[in-house]
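# Residue-level structure breakdown
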Amino acid sequence: MEKIALITDSACDIDSETVSKYNIRILPFKIIYTDREYTDKVDITSKEIYDNMKSEIPKSSQPTMEDIESAYKKLEAENYTHVIAVVISSGLSGTYNAFKIVSEKFESIETYIYDTKSTSVCEGIILKNCGELIAVGKPFASIVQAMPEMKKKLHFFFVFGSLEYARKGGRIGRISGTIGELLDIKPIVGFDEKYGQCFTNAKVRGKNKAVHKLVELGDEIVKNQKCDAYIVHGNVEEDAKKVYDVLLGNPNIEHVYLVGQISAIVGVYSGPGTIGVCYAEC
């Protein structure tokens, strides 16, 4: 009989209830400051990282091979036969490759590693869907086959609070970043499906227009298709709640979830003030 485990990394944004319900194993990134290294979401929170950004923008490193191997040894000891790993985009991190290398050492466990070509709530929603399928007894092969279709139904957009952090992190050109800050340009960012890297979907001036654009992009998606909406933010809960209230009024959005802080791995480059919305087709 199959015993399927779900694993992800700490770039994933997901509520604790879902993690507990489906026994999802989360392998943490490391958050690196000049004087100390922290384990993401274990001994430092996303909020603390955002609060500290005015004094220092940390670096990050992916889950170690040792951490992944330790997780597999525990699964092997608990008689798991299969693993579904849902990980941050290979265009942003080497996590996918690390999982691939380690998983091949454990021949008794059949593994499928899903490169989301995205991050944050996209990882979380896919894991939640997989957990629901496992709970009703769907076989491993059937779940794996369904995962690409799950991803096609997700539309994730977010707006940077400032271009400063992306510029300092080398994610945009120095000149365009500086000019963008002066003009208060707010790019609406998404992930391309081929490489899983950020691209600019639209540019607007000012935070209010940017937030309105996030809602407007959703309107285009939901006009012909019922959706759920998942909202994340970088230390701007009040702004996120405003988006939440607006989306609640959309009759084509069945459920609106205010997930909370966006993962620090995204936040290191997007910075405080970020708001993201993922529209998930029902």
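Keep in mind the model is a prediction, meaning the values are calculated, not measured.

One pass over the structure, following the stated rule, counts 13 salt bridges. Between Asp 115 and Lys 117 there is a salt bridge; the shortest N-O distance is 3.4 Å. One salt bridge in this structure joins Glu 237 and Lys 241, with 3.8 Å as the shortest N-O distance. Taken together, the residues Glu 237 and Lys 241, both in helix α10 (residues 237-248) and 4 residues apart, mark about one turn of the helix.

Strands sit in the order β4-β3-β5 across an open sheet of 3 strands; the sheet is antiparallel. In this open sheet, the two strands that pair with only one neighbour each are β4 (37-39) and β5 (59-61). Each strand of the sheet is rotated relative to its neighbour by a mean of 25°, with strand direction disregarded. Note: strand β3 (residues 30-32) against β4, 3 bridges, orientation antiparallel. Across the sheet, residue Lys 30 finds its bridge partner in β4, namely Thr 39.

This paragraph deals with the side chain of Asp 13. As for its placement among the helices and strands, Asp 13 is situated in the loop between β1 (4-9) and α1 (16-21). In this structure Asp 13 comes out as buried when scored by relative accessible area, which is 5%. Of the polar contacts made by the side chain of Asp 13, one reaches the backbone nitrogen of Ser 263; its length is 3.0 Å. What Asp 13 contacts, discounting residues up to four positions off in sequence, is Lys 41, Ser 120, Val 121, Gly 124, Val 232, Val 259, Gln 261, Ile 262 and Ser 263.

All chains considered together, the criterion is met by 1 cavity of 30 Å³ or more. Within this model, the largest cavity holds a volume of roughly 50 Å³. Lining of the largest cavity is provided by Val 159, Phe 160, Gly 161, Lys 186, Lys 207, Val 211, Gly 273 and Ile 275. Of the residues in the lining of the largest cavity, the class split is 4 nonpolar, 2 polar and 2 charged.

Position of Thr 64 among the secondary structure elements: in the loop between β5 and α3 (65-77). For Thr 64 and Ala 98, which are 34 residues apart along the polypeptide, the C-alpha to C-alpha distance reads 7.7 Å. Polar contacts involving the side chain of Thr 64 include one to the main-chain amide nitrogen of Asp 67, which spans 3.0 Å.

With that out of the way, let us pick up the packing of helix α5 (residues 121-135) against helix α6 (residues 140-152). Helix packing geometry: the angle between the two helix axes and the distance between the axes. Taken N-terminus to C-terminus, the directions of α5 and α6 make an angle of 145°; their axes are 10 Å apart at the nearest point. Crossing geometry of α5 relative to α6 is assigned as right-handed. In this structure, α5 contributes Ile 126, Asn 129, Cys 130, Leu 133 and Ile 134 to the contact, and α6 contributes Ile 143, Met 147, Met 150 and Lys 151. Tallied by class, the residues present in the contact of α5 with α6 amount to 7 nonpolar, 1 polar and 1 charged.

What follows covers α10. Here α10 is 12 residues long and its end C-alpha atoms lie 16 Å apart, about the 16 Å a rise of 1.5 Å per residue gives. For α10, the set of buried residues is Asp 239, Ala 240, Val 243 and Leu 247. Here the buried residues of α10 occupy an arc of 100° about the axis, which is enough to place them on one side. Exposed and oriented more than 90 degrees from the buried face of α10 are Glu 238, Lys 242 and Asp 245.

Bringing the packing of α3 against helix α4 (residues 95-103) into the picture now. The geometry of α3 relative to α4 is characterised by a closest axis approach of 10 Å and an angle of 50° between their N-to-C directions. In terms of orientation, α3 lies oblique with respect to α4. When the axes of α3 and α4 are compared, the crossing they make is right-handed. Taking contact as the criterion, the partners of Met 65, Ile 68, Glu 69 and Tyr 72 in α3 are, on α4, Ala 98, Phe 99, Ile 101, Val 102 and Ser 103. When grouped by side-chain class, the residues that make up the contact of α3 with α4 number 7 nonpolar, 1 polar and 1 charged.

All right, on to the sheet that holds strand β6 (residues 82-87) then. Across the sheet, which stays open at both edges, the 4 strands sit in the order β2-β1-β6-β7 with parallel pairing between neighbours. The open sheet is flanked by β2 (25-27) and β7 (110-115), the only strands paired with a single partner. Each adjacent strand pair in this sheet contributes to an overall mean axis angle of 20°, direction not counted. Set on the sheet, α4 makes contact with β1, β2, β6 and β7; between it and β7 the angle comes to about 170°.

Cut-offs used in this document
Residues numbered from 1 in each chain as written. Predicted model: local features only at pLDDT ≥ 70, side-chain atom pairs only at ≥ 80, totals over all residues. Heavy atoms only, no water. Salt bridge = Lys/Arg side-chain N within 4 Å of Asp/Glu carboxyl O. Helix = DSSP H or I, 4+ residues; strand = E, 2+ residues; numbered from the N terminus. Pairing = 2+ DSSP bridges. Axes fitted to C-alpha atoms, helices over the stretch in contact; angles between N-to-C directions. Buried < 20%, exposed > 50% of the residue type's maximum accessible area, 1.4 Å probe, protein only. Polar contact = N/O pair within 3.5 Å; in protein donor to acceptor, adjacent residues only side chain to side chain. Contact = heavy atoms within 4.5 Å. 1 Å grid on protein atoms, 1.4 Å probe; cavity = no way out; pocket = protein on both sides within 12 Å on 5 of 7 lines; lining within 4 Å. Points joined across faces, edges and corners; volume = space filled by probe spheres on them. Nonpolar A, V, L, I, M, F, W, Y, C, P; charged D, E, K, R; others polar. Left-handed = near helix turned anticlockwise from the far one by under 90°. Expected span 1.5 Å × (residues − 1). Arc of directions from axis to C-beta. Parallel < 35°, antiparallel > 145°, perpendicular 65-115°, else oblique.

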